[in-house]
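Secondary and tertiary structure notes
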Amino acid sequence: MFGRAPKKSDNTKYYEILGVSKKRFVLSDPEKREIYDQYGEDALKEGMGGGGGAHDPFDIFQSFFGGSPFGGGSSRGRRQRRGEDVIHPLKVSLEDLYNGTSKKLSLSRNVICTKCKGKGSKSGASMKCSGCQGSGMKVSIRHLGPSMIQQMQHPCNECKGTGETINDKDRCPQCKGEKVIQEKKVLEVIVEKGMQNGQKITFPGEADEAPDTVTGDIVFVLQQKEHPKFKRKGDDLFVEHTLSLTEALCGFQFVITHLDGRQLLIKSQPGEVVKPDQFKAINDEGMPMYQRPFMRGKLYIHFTVDFPESLSPDQCKMLETVLPPRTSVQLTDMELDECEETTLHDVNIEEEMRRKQQAAQEAYDEDDDMQGGAQRVQCAQQ
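Just so we're clear, the structure is a prediction, and the values are computed from it rather than from any experiment.

**Describing the nonpolar core**
Grouped burial of nonpolar side chains is what soluble globular proteins tend to show. By size, the foremost hydrophobic cluster in this structure holds 31 residues, and its most contacted members are V191, I201, F220, L222 and F230. Excluding anything up to four places from it in sequence, I201 contacts V189, I190, V191, M195, I218, V219, F220 and L222.

This is the structure:
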């Protein structure tokens, strides 16, 4: 397949190329030969050399035959490092998410210098950094104690991790050898109807540019601000409304101003009684559905009823004439004498339950301490 192997001589070395067909070849590339001599076959597989850049292992075949051993050129394209994405939070109101909006934001980013095309020099030439030998990284060793060391890797401060330096006289006058320049750009962020809190809006390839790097994205993350009236759950909206006892029993009518400014008239049906903690729903008055803006969720109204603090005897008599009769148990005087009279007190049930839970936890902890002491005494007796 590859022809007859050349004769072995004192000045010729043979190398096994990744175990392909177990053939041996003379490396004509001096750089690859040097890598193999110093680091062995694994270094060729990992792509060492060339300032730390990743090499295709089958580049060696290209030096012999001008293509991949499997035909059709290189088996895979050279990978470029991908730049980091830039994340920006974007605060929006519930009205913005309901109606949709657009916001123009001015951002500053790095772009490839147009004068030197990202080379950093007027001539386009650069030198291998002497501080890191072109790798872009340095290794420092710290002695932590006897026979203990810590090895740390960090970007080279001489070349800023690029692995190369530029002669001061040859530096590009526009970017001063930095290869990139600052650019201000205005992005228009379109917030569509029905978008959710935490949803991302991505601008591909708009992050900082760098030589030999695939530019990352700018990503805006929506952060919904708290609304004083409406609460959102998915595509539905919730609103709280308090009725007086008269409204709950005899009917009500009120207006809600919606997120788009429309006035919604809310009223009860004749003879309808609203109970405390009851919910009512209005179809198609919730949030627009994302990318289906003509479809909407529901608007839920949660009713609470405000009861009067007390009633006079005359008011009680008047109410008894219109309300259903009491369902009290009739007791004789003798039966009443056998009963114990009680007194009702006002109580904050949440505070009461919190206090009881705290007392129970303290009793549990004290019980654990007592059991631990008993076990220690038992072990000592044994």
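**Re the confidence of the model for the protein**
Within the protein, residue pLDDT values average 80, and 75% of them lie at 70 or more. Note that pLDDT drops below 50 for residues 1-26; the model gives that stretch 44 contacts with residues more than four away or on any other chain.

**Considerations on empty space enclosed by the protein**
Any empty space left between atoms is shown by rolling a water-sized probe over those atoms. In the structure shown here, the tally under the stated rule is two cavities of 30 Å³ or more. Size it by volume and the second largest cavity reaches roughly 30 Å³. Lining the second largest cavity we find L107, R109, K185, L187, E206 and I218. At the level of elements, strand 5 (101-112) and strand 10 (180-191) are the ones that each hand at least two residues to the lining of the second largest cavity. For the lining of the second largest cavity, a count of residues per class yields three nonpolar, no polar and three charged.

**A closer look at the pattern of salt bridges**
Applying the stated criterion across every chain, the model contains 16 salt bridges. Of the charged contacts in the structure, one is a salt bridge between R109 and E209, with a shortest N-O distance of 3.7 Å. Placement of R109 in strand 5 and of E209 in the loop between strand 11 (200-203) and strand 12 (213-214) is noted, with a sequence separation of 100 residues between them. You can call E209 partly exposed: its relative accessible area is 22%. As a salt-bridge pair, E285 and R262 come within 2.8 Å of each other at their nearest N and O atoms. Taken as a pair, E285 in the loop between strand 18 (278-282) and strand 19 (288-289) and R262 in the loop between strand 16 (253-257) and strand 17 (263-267) lie far apart in primary sequence, 23 residues in all. Of the residues examined, E285 reaches a relative accessible area of 14% and is grouped as buried. You can call R262 partly exposed: its relative accessible area is 33%. One network of salt bridges, in which partners are shared, links R109, E183, K185, E206 and E209.

Conventions used here
- Residues numbered from 1 in each chain as written.
- Predicted model: local features only at pLDDT ≥ 70, side-chain atom pairs only at ≥ 80, totals over all residues.
- Heavy atoms only, no water.
- Core = buried A, V, L, I, M, F, W, Y, C linked by side-chain atoms within 4.5 Å.
- Buried < 20%, exposed > 50% of the residue type's maximum accessible area, 1.4 Å probe, protein only.
- Contact = heavy atoms within 4.5 Å.
- pLDDT = per-residue confidence, 0-100.
- 1 Å grid on protein atoms, 1.4 Å probe; cavity = no way out; pocket = protein on both sides within 12 Å on 5 of 7 lines; lining within 4 Å.
- Points joined across faces, edges and corners; volume = space filled by probe spheres on them.
- Helix = DSSP H or I, 4+ residues; strand = E, 2+ residues; numbered from the N terminus.
- Nonpolar A, V, L, I, M, F, W, Y, C, P; charged D, E, K, R; others polar.
- Salt bridge = Lys/Arg side-chain N within 4 Å of Asp/Glu carboxyl O.

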